[in-house]
Amino acid sequence: METVALHRLSDCVVEIPKTGAMRVPGRIYATADIMESEGQDESLKQVMNVACLPGIVGFSLAMPDFHWGYGFPIGGVAAFDAEDGVVSPGGVGYDINCGVRLMRTNLTHGDVRGRLRDIVRQIFRDIPAGVGGGGSITTPSRREADDLLTRGAAWAVERGFGAEDDLQHIEEGGRLEGADPGAVPPRSYERGLKQIGSLGSGNHFLELQIVDEVYRPEIARRFGLERETLAVAIHSGSRGFGHQTCEEFLSVMLRASRAYGIDLPDRQLCCAPLSSPEAKRYLGAMFAAANFAFVNRQVMKGVAERALARATGRSLEDLGMRLIYDVCHNIAKFETHEVDGRPRRLCLHRKGATRALPPEHPLIPPGYRDLGQPVLVPGDMGRASFLLIGNARASKDTFASTCHGAGRRRSRSAMKRALRGRDLYREMEEKYNVLVMAHSRDGVAEEMPDAYKDVTAVVDVMERAGISDKVARLRPIACIKG
Amino acid sequence: MAGTVHVMDHTGDVGIEVRADTREELFRTAAVAMFDLIADVARVAPAREEVIEVAEESDDLRLRSFLAELLYRFFTNGMIFCDFQVSFSEMRLVARARGETFEADRHALRTELKAVTYHGLVVRPDGGGWFARVIFDV
């Protein structure tokens, strides 16, 4: 493959000039160090491929945690004009509305130190995880399913999972408007409906975390966090329900791309014009799957809250678990952002990227509106995760988007080969002070901290670029994996 | 003759490259390799048989759909397969897949594959034999 020409705009941003079939330039948020280790031809090529899609606006963006995906790069952001643009299932990914939520509690590290193993065992028992499998609630009937797919997290709150107040602290209020259960393929119901309230496998997790560094104490306090506060983070998505929805629509979109004469640099980028019936059906089904993910995370919050209360012998009131925020990081949806000084309605694809609204944005819950939107960036299971807030430049420069995680550095198979025969659970306890419980030892090997870039370097790029600011760092003390 | 499998180092996900003497062997080897990523196929008994039919216009799409169908059955019927007989007639592939009900402990669960992607998908004749590359979403 020919070498990709790069033009550095600042210490944090690199541009790939428009060449060939690219309709817009590419822009990568990365320092020279990150480019050196991560800027392989494959992932740069993927940024360029996305820039070729019809109706793309501004730039094909990559966040500093970008890496080689399939079709879109992981860490990719692409905005398409709401009238003339396209929607691409590959720009959302199989795990529709994979996302993260963070809850604060009244507990501190000292309250759980002596009985951490019992606490984690209780949560591990109560929240199903791992390959396939069922969920933590009775599988809903088809009629109930249509209701939950339309109404999202509110459906779970009505059934006693979490509190009414949680809803305003979820991106889009925990419900994407326009979900169409009728557009969801029957096979999605068959594969995924039973999995509500389950974590899944791969990089999904439930972590108990301790706030160990506060960068902006005033803001952290408003979120209910101080040093030593115990927090709970959940990373999961739409499970088999979303995976099958993406699978079924990729073949629809491959045919549509051909029918509408769209040249595809990679078949995984197949797409359809937003005005087409194929796009409308996909959006209806994808929004339904996104609402499924909101329900999934909301149910797990409720289950984790009860498990934590039981294991610590506290009432729910004493425990004081409150949702700080819930973000989507695999999604396409309609948002309005400033382009060339004017507001423009866009179909925004975030494939491994997080929305980061600036202060005073009307979509931020009233209690935080003056601060900016909370952004949750999980790191690896040994080092740290971050709570950020969206900054003023985000809506001008990145369609209000920032990074979503540490970004993988070493492949899953390389990790398994390197760690064969080692006691990884003990290593996690001795080296990182993290208690890990998992259903698959291989899963743990793939997710060991060495597999990831240092998340601190990633969030620092976005802070220096003026996109999102650090509020607090959270260190894991226990991690539940699939 | 059995085909050979190379597990690829794709940063975020996992892929396989398969070589075999015939197209039938290629498909069979790829299917075994996929389930060997999920669990230890050597521990799976060919106790039950299911018939799988796929109609697609090209070999690469046929292989992808075949694997996707097997994966779907794994997630819905809980079947893990270890042995395949594959035949082709024009656009259609017909496979007899043998396996048993999946049990995470007994079959030594390894990795959940969410999907079979179109990214980098290749099936082609190669030096008198056949070659395939498939990347899975993990």
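Before any of the text, the structure's been laid out above.
Each value, and the rule that gives it
- Residues numbered from 1 in each chain as written.
- Chains lettered and ligands numbered in written order.
- Predicted model: local features only at pLDDT ≥ 70, side-chain atom pairs only at ≥ 80, totals over all residues.
- Heavy atoms only, no water.
- Helix = DSSP H or I, 4+ residues; strand = E, 2+ residues; numbered from the N terminus.
- Rg over C-alpha atoms; globule rule 2.2 N^0.38 Å.
- Buried < 20%, exposed > 50% of the residue type's maximum accessible area, 1.4 Å probe, protein only.
- Contact = heavy atoms within 4.5 Å.
- Arc of directions from axis to C-beta.
- Polar contact = N/O pair within 3.5 Å; in protein donor to acceptor, adjacent residues only side chain to side chain.
- Buried area = accessible area lost by both parts, 1.4 Å probe.
- Salt bridge = Lys/Arg side-chain N within 4 Å of Asp/Glu carboxyl O.

## Notes on the overall build of chain B
The number of helices and strands found in chain B is 2 helices and 8 strands. In chain B, the order of α-helices and β-strands from amino to carboxyl end is β-β-α-β-α-β-β-β-β-β. Taking 14 Å as the expected radius of gyration for a compact globule of 138 residues, we find that chain B reaches 14 Å, a close match to that expectation. For chain B, the spread of C-alpha atoms along the three principal axes comes to 40 × 35 × 25 Å. Counting the 138 residues in chain B, one finds 62% classified as buried. In chain B, the proportion of contacts linking residues at least 24 apart, taken out of those at least 6 apart, comes to 65%.

## Digging into the environment of G120(B)
Here G120(B) is to be found in the loop between β6 (115-116) and β7 (122-126). Each C-alpha atom of the pair G120(B) and F81(B) lies 25 Å from the other, and the pair is 39 residues apart in sequence.

## Comments concerning helix α14 (residues 424-432) of chain A
Residue and element names in this part refer to chain A. Looking only at α14, the buried set comprises L424, M428 and Y432. Here the buried residues of α14 occupy an arc of 50 degrees about the axis, which is enough to place them on one side. With respect to the buried face of α14, the exposed residues turned more than 90 degrees away are R426 and E430. For α14, the elements touching its buried residues are β18 (435-438) and α15 (441-446). Two or three places before Y425, at the opening of α14, D423 has a side-chain oxygen 3.3 Å from that residue's backbone nitrogen. Where α14 terminates, the next one or two residues include N433, which has phi positive at roughly 65 degrees.

## Notes on the interface of chain B and chain A
One frequently used descriptor of interface size is the decrease in accessible area upon assembly of the parts. Across the contact, 31 residues belong to chain B and 42 residues belong to chain A. For the pair chain B and chain A, the summed buried surface comes to about 3,200 Å²; carbon and sulfur atoms form 50% of the total. The largest per-residue losses of area from chain B upon contact with chain A belong to T11(B), Y72(B) and Y118(B), which jointly make up 24% of the total buried on that side. Here chain B and chain A share 4 salt bridges between them. For the salt bridge of E247(A) with R64(B), the shortest nitrogen-to-oxygen distance reads 2.9 Å. Looking at the side of chain B that touches chain A, the elements with two or more residues in it are β1 (4-8), α2 (59-77) and β6 of chain B.

## Considerations on unusual backbone geometry
With the exception of glycine, most residues fall at negative phi, and the peptide bonds are largely trans. Residues and elements named next belong to chain A. For F399, which is not a glycine, the phi torsion comes out positive at approximately 50 degrees. Along the chain, F399 turns up in the loop between α12 (394-397) and β17 (401-402). The exposure class of F399 is buried, given its relative accessible area of 6%.

## Quick look at the side chain of S238(A)
Residues and elements named next belong to chain A. Relative to the elements of secondary structure, S238 occurs in the loop between β9 (229-236) and α9 (239-259). S238 gets classed as buried once you look at its relative accessible area, which sits at 0%. Of the polar contacts made by the side chain of S238, one reaches the backbone oxygen of I96; its length is 2.7 Å. Setting aside anything within four residues of it in sequence, one finds S238 in contact with D95, I96, A289, F292 and A293.

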